[in-house]
Amino acid sequence: MKISTNEAHETQYITEFHKFPKTEPSWLEEIRTQAMERFQLLGFPRNRRGNEFWKYTDVSALLTKNFEHEPANSAAVGSIPNGLSVINLNGAKGHLKDIAKLYLAKFAPFQKDPFISLNTALFQDAVLIHAAEGIKIKNPVKIHLHSNDGKVTHPRVLVIAEDGSKIDISLSHYGHSSGDYFANVVSEVIVGKNASVSLFRAQREKPDSFHIANTFVSVSENGRFDYFSLDNGGGVARHNVNISLSGQNASCNLSGVYVTRNTQHVDNHTLIHHLDSNTTSDQLFKGILLDSSRAVFVGQVEVSPGCKKVETHQTNKTLLLSPSAEINTQPVLDIATDDIQASHGNAVGQVDRDSIFYLMTRGLDFASAQKILMEGFLLEILKSVQNESLLLESTESINRTIDEL
Amino acid sequence: MLEIKNLHVSINGIEILKGINLKVDSGETHAIMGPNGSGKSTLAYILAGKPGYEITKGSVLFEGSDLSTMPVEERSRAGIFLSFQNPIAIPGVRMDHFIRAGYNQLQKAAGKQELDVLKFDKLIKEKAASLEIEYSMTKRFVNDGFSGGERKKNEILQMAVLEPKLALLDEIDSGLDVDALREVSTAVNNMRSQSRSLILVTHYQRLLDHIAPDYVHVLSEGVFIAQGDSHLAKEVELHGYDWLINRDIGFSLK
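Residues numbered from 1 in each chain as written. Chains lettered and ligands numbered in written order. Predicted model: local features only at pLDDT ≥ 70, side-chain atom pairs only at ≥ 80, totals over all residues. Heavy atoms only, no water.

Assigned secondary structure in chain B consists of nine helices and 12 strands. Along the three orthogonal principal directions, the C-alpha set of chain B runs to about 60 × 40 × 35 Å. By residue count, 52% of the 254 residues in chain B fall in the buried class. For chain B, restricting intrachain contacts to residue pairs at least 6 apart in sequence, the fraction spanning at least 24 positions comes to 69%. Element-wise, carbon and sulfur atoms account for 48% of the exposed surface of chain B, whose accessible area totals about 11200 Å². In chain B, 29 side chains carry a positive charge and 34 a negative one; their mean positions are 5 Å apart. (Helix = DSSP H or I, 4+ residues; strand = E, 2+ residues; numbered from the N terminus. Buried < 20%, exposed > 50% of the residue type's maximum accessible area, 1.4 Å probe, protein only. Contact = heavy atoms within 4.5 Å. Areas by Shrake-Rupley, 256 points an atom, 1.4 Å probe, with all protein chains shown as cover. Lys, Arg positive; Asp, Glu negative; His and termini not counted. Charge placed at Lys NZ, Arg CZ, Asp CG, Glu CD.)

In structure tokens, the structure reads:
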């Protein structure tokens, strides 16, 4: 393949790919080869003009970096209950091996996205989480994914909740050093019939890092997917959440918080496909922006023709605490049915002065009053968290974020 | 305790209070009555320190300290409490959470011990029980989805926790039905003591049937036009504010 100078940067990733030991099963090798070919064709997004998907987020700084590859540093924390498997994909044996083959790379489309194709071609040490049919797990599965200075990692997570199962997962992304690095994450979540998955994602990468994450979720009939995210890190952070509500009565609830400082840039793109009738989706994203930081929220909803009794709601609210902070927020509704209840709204403002005065008449100084109000503003997103342990963890996470401001 | 002399207050350059004199001693309950727009709430706000209210003339002393230069939170720490006419709803913030933060600030300022979550919870539980206010209210988001009566009870419970020396109750009776008015009034009466002064701001006399004031002041267009004891409130009830406004000379007691 001929590579132009413009694309020369991508060659380091291609070289890395060719260093891979040929010890993997042939089906995986085949996928990786296809993915690498796609990455070579697609390349990293260079221009924002004319590129709607990357209109608000500039990743061109990635092209100036030469990161060294390393396998994902993932660790499952705590005990794993019966009926649940949390393993490294390489170690998958027996039926888990078949399951991996059945689902891996089937939902995250490496054909379309350079970051997904890159991850698919190069991921090492993927995490496979499997809940057997009907198994209801009480304690959340906690996965830590960390990065090191000067490195690029491609963490990969595959979650399969078989029919009737229930599982809560917490994913923490963070950095160990203060330098720059690149975490390119892809997660695929398969929610079976009558199954329920909650995913709490905390992104606390270092301020000079690149964090690009893609989460693809498929929800079957009567299945439910709940998602809570906290973005409090990253120099440039982008997260795409793509949900397919593919069976009757499938539902999802996406909530996110972003708190940014200095020159941080955090971009959340959601895309929800309503592919069947009686499907519902709710989205609530809230953020606080300081200094010259920027945030993006694009909430896209597609409803297929013929779907009946579909419900979709989305809200985005942002507090701008500095005149040079900026939010771009955009709902995109593509609805091919009349039988729908849909709403969307966004609001951008400052902390309410009357509320601050109210708290100050109770003895709180301005800064403390503002912090309490910011906490309250953000904690609203957790109102539908049911798992107590997850609620505690996410509440603490948000409180810590505000305390650090 | 509180001494207001020839107080003039403007908002956005418009004079609202035009020469108020008021002296409140420890343990006294004063009622400020008046028609809408007379400046009643402005008086409560200027004492609590609401931004945007400017003293153009006169003085306000609280226990000898000049209030005009004192930040809002320091007034609270000094013992002034404002019960809001329209208590603000703050979704996401639990009442017990923020009022503990306020309580501890007051304790700290007074050189007293701050309370951890458990000890504070015990305190607020006792206060709620003594005022016959539902303790569960403290676990809810501040005034979020509260009825008018619940909001006012919530204010009184906060007052009971903070134990102010001077409580400004701005239209504590507005939006209350008969039962809620009785409950709120009982709670306020339970808080009366020799060391605590109350200023009740109200449009209607009916509140004063429940909370008997020592003194009544009628405010109209930024000045007191009548001052007296609880009988004055009865007269207002009988004849209306116009009757007083059209008279040449007001009552005088002090």
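From this point, the discussion proceeds with the structure in view.
With that out of the way, let us pick up the overall build of chain A. When its secondary structure is counted, chain A shows seven helices and 20 strands. Relative to its length of 405 residues, chain A is compact, with a C-alpha radius of gyration of 21 Å against a globular reference of 22 Å. Principal-axis analysis of the C-alpha atoms gives chain A an extent of 70 × 50 × 45 Å. Here chain A holds 405 residues, and 58% of them are scored as buried. (Rg over C-alpha atoms; globule rule 2.2 N^0.38 Å.)

Residues and elements named next belong to chain A. With respect to the helices, strands and loops of the structure, Glu-393 is situated in helix α7 (residues 388-403). Taking relative accessible area as the criterion, Glu-393 reaches 17% and is therefore assigned buried. Side chain to side chain, Glu-393 and Ser-170 meet in a polar contact 3.0 Å long. Setting aside residues no more than four positions away along its own chain, Glu-393 makes contact with Lys-142, Ser-170, Ser-172 and Phe-200. (Polar contact = N/O pair within 3.5 Å; in protein donor to acceptor, adjacent residues only side chain to side chain.)

All names here are of chain B. Within the fold, Asn-6 resides in strand β1 (residues 2-11). The exposure class of Asn-6 is partly exposed, given its relative accessible area of 35%. Taking the C-alpha atoms as reference, Asn-6 lies 19 Å from Gly-37; in sequence the two are 31 residues apart. When near neighbours in sequence (up to four residues on either side) are disregarded, Asn-6 contacts Gly-19, Ile-20, Asn-21, Lys-57 and Gly-58.

This next bit is on the nonpolar core. In terms of nonpolar packing, the biggest core is built from 110 residues, with B:Leu2, B:Phe98 and B:Ile199 touching the most fellow members. When residues in this core are grouped by element, the largest group, seven residues, is from helix α6 (residues 366-379) of chain A. Once residues within four sequence positions are removed from consideration, B:Ile199 is found in contact with B:Leu2, B:Leu22, B:Val24, B:His30, B:Ile32, B:Leu47, B:Leu166, B:Ala167, B:Leu168 and B:Leu169. One finds A:Ala35, A:Phe44, A:Leu104 and A:Phe210 within the second-largest nonpolar core, a separate group that totals 43 residues. (Core = buried A, V, L, I, M, F, W, Y, C linked by side-chain atoms within 4.5 Å.)

Attention shifts here to the interface of chain B and chain A. Between chain B and chain A, the contact holds 33 residues from the first and 17 residues from the second. Between chain B and chain A lies a buried interface of about 1900 Å² when both sides are counted; carbon and sulfur atoms form 69% of it. If you sort the residues of chain B by the area they bury against chain A, B:Phe84, B:Ile88 and B:Phe98 come out on top, with a joint share of 25%. Summed over the shared surface of chain B and chain A, the number is one salt bridge. Across the pair A:Arg362 and B:Glu155 runs a salt bridge, and its minimum N-O distance is 2.9 Å. Our enumeration of links across chain B and chain A arrives at nine residue pairs in polar contact (both at pLDDT 80 or more). Take the side of chain B that touches chain A: its biggest share by element is eight residues, from helix α3 (residues 95-109) of chain B. Residue composition of the side of chain B that touches chain A, grouped by class: 20 nonpolar, nine polar and four charged. (Buried area = accessible area lost by both parts, 1.4 Å probe. Salt bridge = Lys/Arg side-chain N within 4 Å of Asp/Glu carboxyl O. Nonpolar A, V, L, I, M, F, W, Y, C, P; charged D, E, K, R; others polar.)

All names here are of chain B. Positive phi, close to 60 degrees, is recorded for Asn-143, a residue that is not glycine. Judged by its relative accessible area of 0%, Asn-143 falls in the buried class. Residues other than glycine seldom take positive phi values, yet Glu-163 does so here, at roughly 45 degrees. Checked against the element boundaries, Glu-163 lands in the loop between α5 (148-162) and β9 (166-170).

Summed over the entire model, instances satisfying the criterion amount to 31 salt bridges over all chains. Put simply, A:Glu10 and A:Arg46 hold a salt bridge, and the shortest N to O gap is 3.0 Å. Of this pair, A:Glu10 sits in the segment before α1 (11-18) while A:Arg46 sits in the loop between α2 (26-42) and β1 (68-69), placing them 36 residues apart in sequence. Residue classification places A:Glu10 among the buried positions, given a relative accessible area of 3%. Across the pair B:Lys234 and B:Asp209 runs a salt bridge whose closest N-O atoms are separated by 3.1 Å. Of the two residues, B:Lys234 is situated in helix α8 (residues 230-239) and B:Asp209 in helix α7 (residues 206-210); the sequence distance between them amounts to 25 residues. Assessed through its relative accessible area of 43%, B:Lys234 is described here as partly exposed.

Residue and element names in this part refer to chain B. The end-to-end C-alpha distance of α3, which contains 15 residues, comes to 21 Å, matching closely the 21 Å that a straight helix rising 1.5 Å per residue would cover. When α3 is considered as a whole, its buried residues turn out to be Met-95, Asp-96, Phe-98, Ile-99, Gly-102, Tyr-103, Asn-104, Gln-105, Leu-106 and Gln-107. Count one or two residues on from α3 and you reach Gly-111, which has phi positive near 70 degrees. (Expected span 1.5 Å × (residues − 1).)

So, about the sheet that holds strand β4 (residues 53-62) of chain B. Backbone hydrogen bonds hold the strands of a sheet together, and the pairing may be parallel or antiparallel. All names here are of chain B. Pairing is antiparallel in the open sheet, where four strands are placed in the order β2-β1-β4-β5. In the strand order of this sheet, the two ends are held by β2 (14-24) and β5 (65-66), each with one partner. Bridge analysis of β1 against β4 gives eight bridges, and the strand direction is antiparallel. Bridge pairing in β4 places Leu-2 opposite Phe-62. Packing against the sheet, helix α1 (residues 40-48) makes contact with β1, β2 and β4, and its axis sits at approximately 105 degrees to β1. (Pairing = 2+ DSSP bridges. Axes fitted to C-alpha atoms, helices over the stretch in contact; angles between N-to-C directions.)

This paragraph deals with the sheet that holds strand β8 (residues 166-175) of chain A. All names here are of chain A. Pairing in this open sheet of nine strands is mixed, and the strands run β2-β5-β8-β10-β12-β14-β16-β18-β20 from one edge to the other. Edge positions in the sheet fall to β2 (73-77) and β20 (340-349), since each has one partner strand and no second. Averaged over all neighbouring strand pairs, the angle between strand axes comes to 10 degrees, with direction disregarded. Direction of pairing for strand β16 (residues 280-289) relative to strand β18 (residues 310-320): parallel, over a ladder of 10 bridges. Pairing of Ser-281 across the sheet is with Thr-312, part of β18. With respect to the sheet, α6 is in contact with β14 (251-260), β16 and β18, its orientation differing from that of β16 by roughly 160 degrees.

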